[in-house]
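In case you want the letters, here they are:
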Amino acid sequence: MIAGKSMPADGDAKSFGYVQTYDTKPKRRLFELLKTQGMQPNQQVTFLTHGGADVRELPLYLNPQAEHLIDWFHITMGLTVMNQMARGLEGTPGAEASRQLERLKWFLWHGRVPCPAGGRGS
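Residues numbered from 1 in each chain as written. Predicted model: local features only at pLDDT ≥ 70, side-chain atom pairs only at ≥ 80, totals over all residues. Heavy atoms only, no water.

For the pair helix α3 (residues 72-88) and helix α4 (residues 91-109), the least separation of the axes is 8 Å and the interaxial angle reads 165 degrees. The pairing of α3 with α4 is recorded here as roughly antiparallel in orientation. When you trace α3 past α4, the crossing you get is left-handed. Taken together, the residues of α4 that come into contact with α3 (itself represented by Trp72, Ile75, Thr76, Leu79, Met82, Asn83, Ala86 and Arg87) are Gly94, Ala97, Ser98, Leu101, Glu102, Leu104, Lys105, Leu108 and Trp109. In terms of residue class, the contact of α3 with α4 is built from ten nonpolar, four polar and three charged. (Axes fitted to C-alpha atoms, helices over the stretch in contact; angles between N-to-C directions. Helix = DSSP H or I, 4+ residues; strand = E, 2+ residues; numbered from the N terminus. Parallel < 35°, antiparallel > 145°, perpendicular 65-115°, else oblique. Left-handed = near helix turned anticlockwise from the far one by under 90°. Contact = heavy atoms within 4.5 Å. Nonpolar A, V, L, I, M, F, W, Y, C, P; charged D, E, K, R; others polar.)

Of the residues making up helix α2 (residues 53-62), those classed as buried are Val55, Leu58, Pro59 and Leu62. Here the buried residues of α2 occupy an arc of 90 degrees about the axis, which is enough to place them on one side. (Buried < 20%, exposed > 50% of the residue type's maximum accessible area, 1.4 Å probe, protein only. Arc of directions from axis to C-beta.)

Residue position: Leu101 is located in helix α4. In the structure, Leu101 is positioned 36 residues away from Gln65 in sequence and 31 Å away in space, judged by C-alpha atoms. Among all residues touching Leu101, those that are not within four sequence positions of it are Leu79, Met82, Asn83 and Ala86.

Without other data, these values stay purely geometric and don't point to any function.
Shown next as structure tokens:
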């Protein structure tokens, strides 16, 4: 199941949900929902998701230039698991890996990441 909320820059937010194995045309249904909220053909769309392959395909269906971002909760979950694994390493390598993961988390949280040329970042 995929559930979400469409939040246009100006207008009311709408929630949606569907089961991909049950709904015969889920991508088209999402497109129609966004269209009712004023989305134009080939308009830039940003998706904030958990990062699963099923939802990564949706933005590309709506617009090949669409942006897909992983939400902070799921990034933190992944970093927490990696940090637990690092702590399981013995001695200096484990401590250093843990320190680097905490550093990475700090940089991500504060928006201090390298960006492609012309973008914002550190």
